[in-house]
Amino acid sequence: MSLGQLKVMSAIERCRSAALGGHALRCSACAQPQIAYNSCRNRHCPKCQSSAAQRWLEARQAKLLPVPYYHVVFTLPAPISAIAYTNKEIIYGLLFDIAAETMRTIAADPKHLGARIGVTLVLHTWGSALTHHPHVHGIVPGGGFALEADQWVPCKPGFFLSVRVLSRLFRRRFLEELQNAHRRGQLKFFGEHLDLSDAAAFADWLTPLRQCEWVVYAKRPFAGPEAVLAYLSRYTHRVAISNRRLVALDDRGVTFRWKDYRAQGRTRYKTMTLRTEEFMRRFLLHVLPSGFHRIRHYGLLANARRKTHIATARKLLHQPAPVVAVDPAAVHAGSGAIRPTFVCRHCGAPMLVIETFAQAPHIRGPPASPGQP
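Structure report, in brief. No experiment lies behind these values; they were computed from the predicted model shown. (Residues numbered from 1 in each chain as written. Predicted model: local features only at pLDDT ≥ 70, side-chain atom pairs only at ≥ 80, totals over all residues. Heavy atoms only, no water.)

## Notes on the environment of Val8
Here is step 1 of the chain: Here Val8 lies in helix H1 (residues 3–14).
Here is step 2 of the chain: Through-space distance from the C-alpha of Val8 to that of Asn42 is 7.0 Å; in sequence the pair is 34 residues apart.
Here is step 3 of the chain: The contact partners of Val8, leaving out residues within four places of it in the chain, are Asn42, His44, Phe283 and Val287. (Helix = DSSP H or I, 4+ residues; strand = E, 2+ residues; numbered from the N terminus. Contact = heavy atoms within 4.5 Å.)

And the structure:
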């Protein structure tokens, strides 16, 4: 395992345990005691993503435009997914950039839309059975700024861009940039792919990929901004598997629920049992490189000028900025006070922090003796 994978495993093992410290609490009404352990806050931890997702959504609630939003998925073919595991930063980065470039290029073509658009992309690297399946989900407003005029150009009702055209350009541009990365010596190969280090062998390996179909899938538009937020809350901070999908841990291994997309009806939802070491191997396939951003914004939604672009879009659409409602669950009924961080599970009254305790110290080696390095 890599150092990054070891850090993820260590964080998940220690999450919400005494090893990370915590708080001793007492209810302000019924004096019921409680212990709350600290979270690891690792982005790969299934327990620590719900609050992060909620904060992310609240920060973007006011940035939604009053237009239909479209959902586009770009998927890498299986041969490229196989080499992506040992070249995550390069290939995942290309997947982001080429997918965004493809949509912006086709949208700017007057034959299709003739507008400058904005794109939010979210990386997923897993299938439902925890297999390695890199793809990006794109959330795109249905329209953009006209190329040479100060006006908003909407999409056709119920239609964003041709997925066939997107697929062809995505395939060509990705393979071009992948070959450039190989020429610069940025790709690493191991095991059965070791011979791909040779330029001629790599060129031959790319040939069938230029002829096969690359999957670009466009779903129907979302039913309003609320549906966009509901989707984002499920996808932006998702990890390879959530706790609710885990069924059992016993002598046979780990049993979890998964969805078979090739089946229909009730038979689509199944359970799978994997040996514990195989389950952990599949989970660790999806650990991202340190510092790698799995949510990225492009075009009109790029961070540098997003605020200005959204204000301009609202002006062109003749729509005021929305009023962000306060979550009723976060406010005490009738008092208007913000809901406390800790609430008594027995009576619902605020819990008071009466003591804090630090995390356990890391195990360190003994100090070096005098004269030793």
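## What about a positive patch on the surface?
Here is step 1 of the chain: Side chains of Lys219, Arg220, Arg234, Arg238, Arg244 and Arg257 sit close together on the surface and give a patch of like positive charge.
Here is step 2 of the chain: On the secondary structure map, Arg238 appears in the loop between helix H7 (225–235) and strand S10 (246–250). (Patch = residues over 30% accessible without salt bridge, like charges linked within 9 Å, V, L, I, M, F, W, Y side chains within 5 Å. Areas by Shrake-Rupley, 256 points an atom, 1.4 Å probe, with all protein chains shown as cover. Salt bridge = Lys/Arg side-chain N within 4 Å of Asp/Glu carboxyl O. Lys, Arg positive; Asp, Glu negative; His and termini not counted. Charge placed at Lys NZ, Arg CZ, Asp CG, Glu CD.)

## Some remarks on a nonpolar patch on the surface
Here is step 1 of the chain: Together, Met1, Leu3 and Leu6 give the surface a local cluster of nonpolar side chains, amounting to about 350 Å² of exposed area.
Here is step 2 of the chain: With respect to the helices, strands and loops of the structure, Met1 is situated in the segment before H1.
Here is step 3 of the chain: Residue classification places Met1 among the exposed positions, given a relative accessible area of 66%. (Buried < 20%, exposed > 50% of the residue type's maximum accessible area, 1.4 Å probe, protein only.)

## A short note on the sheet that holds strand S7 (residues 143–146)
Here is step 1 of the chain: Taken together, three strands build an open sheet; the order of strands is S4-S7-S8 and the sheet is antiparallel. Only two strands of the sheet have a single neighbouring strand rather than two, namely strand S4 (115–116) and strand S8 (152–154).
Here is step 2 of the chain: As paired strands, S4 and S7 are joined by two bridges and run antiparallel to one another. Its bridge partner being in S7, Arg116 is matched across the sheet by Phe145. (Pairing = 2+ DSSP bridges.)

## What to know about the packing of aromatic side chains
Here is step 1 of the chain: Considering all chains together, one arrives at 12 aromatic pairs under this definition.
Here is step 2 of the chain: Ring geometry for Phe170 versus Trp214: centroids 5.6 Å apart, planes at 75 degrees, classification edge-to-face. One end of the pair, Phe170, is in helix H5 (residues 163–183); the other, Trp214, is in the loop between helix H6 (199–206) and strand S9 (216–219), with 44 residues separating them in the sequence.
Here is step 3 of the chain: Here the aromatic residues Phe74, Phe170, Phe174 and Trp214 are joined through ring pairs into a cluster of three or more. (Phe/Tyr/Trp six-rings, centres within 6.5 Å; stacked < 30°, edge-to-face > 60°.)

## Describing the nonpolar core
Here is step 1 of the chain: Ile80, Met103, Phe170, Phe174 and Leu178 are the most contacted members of the largest nonpolar core, which totals 50 residues.
Here is step 2 of the chain: Listing elements by their share of this core, those giving two or more residues are strand S3 (69–75), helix H3 (78–84), helix H4 (88–108), strand S5 (118–126), strand S6 (132–141), H5 and H6.
Here is step 3 of the chain: Broken down by element, the residue count for this core peaks at 11 residues, all from H4.
Here is step 4 of the chain: Among the nonpolar cores identified, the runner-up in size contains 20 residues, and Leu229, Tyr231, Ile310 and Ala313 belong to it. (Core = buried A, V, L, I, M, F, W, Y, C linked by side-chain atoms within 4.5 Å.)

## Observations regarding the pairing of S5
Here is step 1 of the chain: Within S5, nine of the nine residues are buried, leaving the element largely enclosed by the surrounding structure.
Here is step 2 of the chain: Direction of pairing for S5 relative to strand S13 (residues 295–299): antiparallel, over a ladder of five bridges. If you follow Val122 over to S13, its bridge partner there is Ile295.
Here is step 3 of the chain: With six bridges joining them, S5 and S6 adopt antiparallel strand pairing.

## Focus: unusual backbone geometry
Here is step 1 of the chain: At Arg16, a residue that is not glycine, the phi angle is positive and equals roughly 55 degrees.
Here is step 2 of the chain: Inspection of the secondary structure assignment puts Arg16 in the loop between H1 and strand S1 (22–27).
Here is step 3 of the chain: Unlike most non-glycine residues, Ala31 shows phi in positive territory, near 60 degrees.
Here is step 4 of the chain: Tracing the chain through its elements places Ala31 in the loop between S1 and strand S2 (33–37).
Here is step 5 of the chain: Overall, the relative accessible area of 46% leaves Ala31 in the partly exposed class.

As far as function goes, none of this settles anything; it's purely spatial.
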